[in-house]
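What the coordinates show
Spelled out, the chains give:
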Amino acid sequence: MTAASAPVLTRPALVERRPGLSTARLLLLELRHNAMLWMLPVALAVFWFLSYRKTMDLPPLWNLRATDLHTRAVADLIVPVTGAAALMGSREARRRMTDLMTSTARPRWARLLVTWAATTIWALVGYGACLAVIYAVTAHQASWGGPLWWPVVVTAASVVAFSAVGFAAGTLLPGRLTAPLVAVGSWFVLVLSTQLITGSQSYWQISPVVAGPWDDTLDPGVATFYPYVHDLSIAQVMFLAGLTVAMLGAVAWPRSSRRVRAASAVVAAAGVLAAGTAVRLAGTGTLDAHGMIAIPALHDAASDLPIRFTPVCSRGSIPVCLNPAYSRSLPAVAAVLSPVLREIAGLPGAPVRVIQVAATYKQGTGNVISTGLAGGALQGEPPEFRLLLPDQQTGGPFLTNHELAGQVRDSIGPAIVASLVSDGPDASEAQHAVAAALSMDAGMPAGTDYPGQPVPRGTRVQGHQETGQGPSCSGAGCGSGAAGNLDKSSPSYAAARRFAALPLAAQRSWLAQHLTALRAGQITLAQLP
Amino acid sequence: MSAQRVAEMRPALASVSHPAWASGLRLVWLHATSRRFPAALGALAACAIGLRIALIGHWDAYGALQLPLIIEAASVCVLTVSTASPLGEPERVAGRWLPWLRLGSVVMLTAVAVGALAAGAVGGHLSGGILDVLRNVAGLTGIGLLCAALVGGGVAWIGPTAYMIAGVYALYTQWHSPAVTTPWMWPGRPPHDLGAELCAGLVFTCGLALFAVRGARDRAGE
């Protein structure tokens with residue numbers, strides 16, 4: 001083709017404008033040149049070192065793993081995410097490119113939003129990797145239940161908000177000290193917020209690191225028998241979304257036209273309003289009977305209904321039945337209880353099965369929470385013995401199956417015997433003696449050299465040590481009414497030894513005839529065989 | 001100006017030249033201002049004030065140990081970021097006294113950071129005392145200097161902040177077993193623990209030596 005034969009263009013060729021495509025290209029560019037990408041190895045290393053191993057040490061229960069991951073991921077990610085976002089926000093000023101970038105066709109706020117979005121995407125990718133590993137392993141290990149998604153939503157919203165806070169700080173106060181001070185300052189605020197939480201009606205529960213009653217150790221029973229109450233999660237997401245919107249609105253303020261400024265002010269005000277409302281809502285929370293924070297304005301009554309499940313049961317004359325989430329503990333629990341259950345099976349008033357139930361929670365002073373069994377242990381017709389595993393009462397550190405079995409033998413076994421003979425601090429000497437004798441025969445603790453008062457059964461107190469850490473319920477003297485505290489030099493103990501020495505058939509025959517009178521406190525020590 | 005003219009002016013210039021110590025002082029001042037030391041000193045003072053305010057509150061055991069560590073980390077971040085040079089390669093080529101200037105400036109800033117925090121703690125109950133502050137600040141500074149030499153002064157704060165999170169966790173495990181007892185996690189060790197002091201001191205020495213010799217890994221213009 002020669003110049004003469006080339007077609008003459010009378011007007012410029014129309015180029016189709018595709019703003020979406022150019023934004024995508026800009027986003028790709030920002031993704032490739034983003035500080036958060038280089039911060040990811042640090043964030044993942046911190047997560048692996050501090051959180052992954054600790055979370056994996058927990059029993060494979062969805063509620064434990066999900067809430068623990070929530071708290072730990074927020075704490076691990078806040079520093080790298082805010083720091084990287086502040087670096088990206090201050091990039092133009094640090095490289096003295098502000099004037100040059102102002103002359104580009106794209107509005108400043110739109111350009112900055114793309115940079116923020118890229119930073120947030122990398123942060124979410126990092127969190128997603130942590131989440132995928134923890135949830136995949138838990139799905140493989142858990143015997144029952146499914147993943148909890150509200151803690152995931154709160155953590156993801158936290159990552160987005162941290163990114164917005166860091167980015168806004170970097171944009172509005174560019175400087176070499178901005179990124180480190182914002183990163184450390186955000187961590188300081190996070191730690192400080194948890195220090196100020198007092199009770200379940202604290203406004204500070206809005207802190208995204210909070211996944212439930214603060215200072216209460218992770219409890220395997222929470223969100224196992226009843227659904228996960230997401231009231232606090234909703235308030236936290238609302239707060240974080242409001243914070244994000246307010247921060248991004250503030251980013252658009254400087255060096256923008258009057259119209260953009262007005263719009264950004266409205267957006268920022270809406271964000272502040274949403275965040276303030278969420279804080280107000282968090283302050284109305286209360287600890288519900290199932291161990292979670294309920295906020296009346298956000299509460300769904302359906303979450304008060306128990307989760308339907310088919311318990312897993314052992315074989316035997318009196319089966320032991322546990323929530324399927326605890327199925328890994330069933331063989332050990334059933335094995336340690338089988339001697340005592342064999343001993344009492346078929347006696348009048350003996351339970352027909354032992355079944356695990358939910359604990360009830362009550363808010364005490366400050367952050368103290370008491371946990372216990374609602375009503376008596378022996379209920380129903382035919383009677384069932386309602387069981388709280390030590391895991392449900394003592395909180396962390398979590399027990400191995402061997403440790404759990406030991407505690408069940410020492411506390412639940414004597415409690416079953418005590419419920420059969422109605423033993424307790426106010427029971428007669430004969431009741432103490434028979435309970436102790438049955439415990440001895442089953443290889444459970446039945447006497448002590450400690451002359452003090454028995455520890456109340458099925459009750460614990462949690463919280464700071466300085467505000468009153470209650471003794472955990474384990475070992476001799478716990479859970480068996482008074483039998484476990486029977487003084488070895490007392491006449492009751494001697495009577496118990498005498499009764500325990502009888503053949504099992506003779507014991508059962510006597511109990512079959514006299515158990516009702518024994519429960520009523522009408523039998524004296526002298527009347528025991 | 002021709003070479004002959006310069007030769008003529010040399011005696012006159014010599015008569016107005018300052019003594020050697022004055023030029024040395026000027027060099028130190030230029031080095032300090034290029035690293036924005038005045039701003040850093042202001043930030044260190046702010047950290048000390050922050051510590052003083054934090055010590056007014058009545059914290060439980062967690063807060064009493066963790067909040068000072070966070071403020072110590074903030075001080076170290078300020079110090080570490082101040083190692084970044086805006087001049088880059090040209091300064092490295094021309095600066096014969098740079099290793100000594102780096103060494104002196106970092107030691108001076110570390111001393112100022114410890115001194116400011118100690119002053120901030122006067123009248124309040126600082127958990128672990130000044131010895132704890134000295135150990136933590138020295139160790140964190142060592143990590144920051146190593147990061148400055150390896151990844152750059154502008155982002156060297158990443159090391160101390162990541163270590164701060166691990167340190168806070170080490171303190172947390174004092175109440176939640178299994179406790180982190182390795183001396184390399186010195187914030188979790190008692191103030192007079194020799195192993196922790198040695199580890200923190202070793203990291204500080206290594207960081208200081210590497211930074212003095214190589215300087216921060218920075219590009220000019222940022």
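Computed from a predicted structure; not experimentally measured.

1. Let's talk about the overall build of chain B
Per the secondary structure count, chain B includes nine helices and zero strands. Going from N to C terminus, chain B has its helices and strands arranged as α-α-α-α-α-α-α-α-α. The buried share of chain B, taken over its 222 residues, is 48%. Here chain B has roughly 10500 Å² of accessible surface; of this, 70% comes from carbon and sulfur atoms.

2. Observations concerning the domain arrangement of chain A
Residue and element names in this part refer to chain A. Each assigned domain of chain A is listed with its residue range as follows: domain 1 (21–304) and domain 2 (312–465 + 475–527). Spacing between the C-alpha centres of domain 1 and domain 2 amounts to 47 Å. Residue-level contacts link 29 residues of domain 1 with 27 residues of domain 2. Carbon and sulfur atoms make up 59% of the surface buried where domain 1 meets domain 2, a total of about 2200 Å² over both sides.

3. Observations regarding the pairing of strand E9 (residues 384–387) of chain A
All names here are of chain A. Pairing of strand E5 (residues 353–356) with E9 involves four bridges; the strand directions are parallel. Bridging from a neighbouring strand, glutamine 356 pairs with leucine 387 of E9. Where strand E8 (residues 378–379) and E9 come together, two bridges link them in antiparallel fashion. The partner of glutamine 379 across the bridge, within E9, is glutamate 384. Counted between consecutive antiparallel strands, the loop separating E8 from E9 contains four residues, among which glycine 380 sits at a positive phi close to 95 degrees.

4. Brief notes about the domain arrangement of chain B
All names here are of chain B. Its domain assignment divides chain B into domain 1 (1–34) and domain 2 (36–214). Summed over both sides, the interface of domain 1 with domain 2 buries roughly 680 Å², with 69% coming from carbon and sulfur. Looking at the side of domain 1 facing domain 2, the largest losses of area belong to His31, Ala32 and Ser34, adding up to 69% of the total buried there. Applying the counting rule to domain 1 against domain 2 returns three residue pairs in polar contact (both at pLDDT 80 or more). Of the residues assigned to the side of domain 1 that touches domain 2, the class counts are three nonpolar, three polar and no charged.

5. A few points about the side chain of threonine 115 of chain A
Its location among the elements puts threonine 115 of chain A in helix H6 (residues 108–141). A distance of 3.2 Å separates a polar side-chain atom of threonine 115 of chain A from the backbone oxygen of arginine 111 of chain A.

6. Notes on the pattern of salt bridges
It is possible for side chains of opposite charge to pair when their charged atoms get near one another. All names here are of chain A. Within the structure shown, the criterion is met by seven salt bridges over all chains. Glutamate 30 serves as the salt-bridge partner of arginine 91, at 3.0 Å between the closest nitrogen and oxygen. Of this pair, arginine 91 sits in helix H4 (residues 91–94) while glutamate 30 is found in helix H1 (residues 19–32), placing the two residues 61 residues apart along the sequence. Look at arginine 91 and you get buried, because its relative accessible area is 17%. A salt bridge links glutamate 92 to arginine 111, with the nearest nitrogen and oxygen atoms 3.2 Å apart. Taken together, the positions of glutamate 92 in helix H4 and arginine 111 in helix H6 put the pair 19 residues apart, joining distant regions of the chain.

7. Concerning the confidence of the model for chain A
All names here are of chain A. Of the residues in chain A, 87% reach a pLDDT of 70 or more, and the chain-wide mean stands at 84. Within chain A, the element-level pLDDT minimum falls on strand E10 (residues 459–462), averaging 36, and the maximum on helix H7 (residues 150–172), averaging 96. Confidence over residues 448–483 falls short of pLDDT 50; this stretch has 92 contacts with residues more than four positions distant or in other chains.

8. Description of the packing of aromatic side chains
All names here are of chain A. Under the criterion given, the structure shown has seven aromatic pairs over all chains. Seen from their ring centres, tryptophan 62 and tyrosine 135 are 5.1 Å apart, and the 80 degrees between their planes marks the pair as edge-to-face. You can see tryptophan 62 sitting in helix H3 (residues 62–89) and its partner tyrosine 135 sitting in helix H6, a full 73 residues away along the chain. What makes tryptophan 62 buried here is its relative accessible area of 8%. Every member of this aromatic cluster is reached through a ring pair, and the members are Trp62, Tyr135 and Trp149. Its end group placed over the ring of tryptophan 48, arginine 53 keeps NZ or CZ at 4.8 Å from the ring centre. If you follow arginine 261 out to its NZ or CZ, it ends over the ring of tryptophan 253, 5.3 Å from the centre.

9. Brief notes about the packing of helix H11 (residues 330–344) of chain A against helix H13 (residues 401–421) of chain A
Residues and elements named next belong to chain A. Between H11 and H13, whose axes approach to 8 Å, the crossing angle comes to 20 degrees. Between H11 and H13, the crossing angle belongs to the class labelled roughly parallel. The interaxial crossing formed by H11 with H13 has right-handed handedness. On the side of H11, the interface is formed by Ala332, Val333, Val336, Leu337, Val340, Leu341 and Ile344, while H13 contributes Asn401, Leu404, Ala405, Val408, Arg409, Ile412, Gly413, Ile416, Val417 and Leu420.

10. Observations regarding the state of the cysteines
Scanning all chains against the criterion turns up one disulfide over all chains. Covalent S-S linkage joins cysteine 313 of chain A and cysteine 321 of chain A, the inter-sulfur distance amounting to 2.1 Å. Between cysteine 313 of chain A and cysteine 321 of chain A, the S-S dihedral sits near 110 degrees, and the bridge is therefore right-handed. We note that cysteine 77 of chain B lacks a disulfide partner, and the nearest cysteine sulfur, in cysteine 47 of chain B, lies 8.8 Å from it. Left without a disulfide partner, cysteine 206 of chain B is nearest to the cysteine sulfur of cysteine 199 of chain B, which lies 11 Å away.

11. Regarding a nonpolar patch on the surface
Residues Leu196, Tyr203 and Trp204 of chain A make up a contiguous nonpolar surface patch of roughly 290 Å² in combined accessible area. Secondary-structure assignment places tyrosine 203 of chain A in the loop between helix H8 (178–195) and helix H9 (231–251).

12. Concerning the interface of chain A and chain B
With 32 residues of chain A in contact, the opposing surface of chain B contributes 38 residues. Interface of chain A and chain B: buried area, both sides summed, is about 3000 Å²; carbon and sulfur atoms make up 71% of it. If you look at where chain A meets chain B, you find zero salt bridges. Remark: the boundary between chain A and chain B carries three residue pairs in polar contact (both at pLDDT 80 or more). Those elements that place two or more of their residues in the side of chain A that touches chain B are helix H2 (35–56), H3 and H8 of chain A. Counting residues per element, the side of chain A that touches chain B draws most heavily on H8 of chain A, at ten residues.

13. With respect to the environment of alanine 512 of chain A
Residue and element names in this part refer to chain A. Position of alanine 512 among the secondary structure elements: in helix H16 (residues 504–519). The partly exposed category is assigned to alanine 512, whose relative accessible area is 46%. Distance from alanine 512 to leucine 347, taken between C-alpha atoms, is 5.9 Å for residues 165 residues apart in sequence.

14. Things to note about unusual backbone geometry
Trans is the common state for peptide bonds, and a negative phi is the common state for residues other than glycine. Here the amide bond leading from glutamate 381 of chain A into proline 382 of chain A is cis, since omega sits at 0 degrees, within 30 degrees of zero. In this fold, proline 382 of chain A is placed in the loop between E8 and E9. Here serine 422 of chain A, not a glycine, exhibits a phi torsion of approximately 55 degrees, which is positive. For serine 422 of chain A, the location among the structural elements is in the loop between H13 and helix H14 (429–441). Despite not being glycine, arginine 36 of chain B has its phi angle at roughly 55 degrees, a positive value. Within the fold, arginine 36 of chain B resides in the loop between helix H2 (20–34) and helix H3 (37–56). Relative accessible area serves as the criterion here: at 36%, arginine 36 of chain B is assigned to the partly exposed category.

Calculation rules
Residues numbered from 1 in each chain as written. Chains lettered and ligands numbered in written order. Predicted model: local features only at pLDDT ≥ 70, side-chain atom pairs only at ≥ 80, totals over all residues. Heavy atoms only, no water. Helix = DSSP H or I, 4+ residues; strand = E, 2+ residues; numbered from the N terminus. Buried < 20%, exposed > 50% of the residue type's maximum accessible area, 1.4 Å probe, protein only. Areas by Shrake-Rupley, 256 points an atom, 1.4 Å probe, with all protein chains shown as cover. Domains from an automatic or database assignment. Contact = heavy atoms within 4.5 Å. Buried area = accessible area lost by both parts, 1.4 Å probe. Pairing = 2+ DSSP bridges. Polar contact = N/O pair within 3.5 Å; in protein donor to acceptor, adjacent residues only side chain to side chain. Nonpolar A, V, L, I, M, F, W, Y, C, P; charged D, E, K, R; others polar. Salt bridge = Lys/Arg side-chain N within 4 Å of Asp/Glu carboxyl O. pLDDT = per-residue confidence, 0-100. Phe/Tyr/Trp six-rings, centres within 6.5 Å; stacked < 30°, edge-to-face > 60°. Lys NZ or Arg CZ within 6 Å of the ring centre and 35° of its normal. Axes fitted to C-alpha atoms, helices over the stretch in contact; angles between N-to-C directions. Parallel < 35°, antiparallel > 145°, perpendicular 65-115°, else oblique. Left-handed = near helix turned anticlockwise from the far one by under 90°. Disulfide = S-S within 2.5 Å. Patch = residues over 30% accessible without salt bridge, like charges linked within 9 Å, V, L, I, M, F, W, Y side chains within 5 Å.

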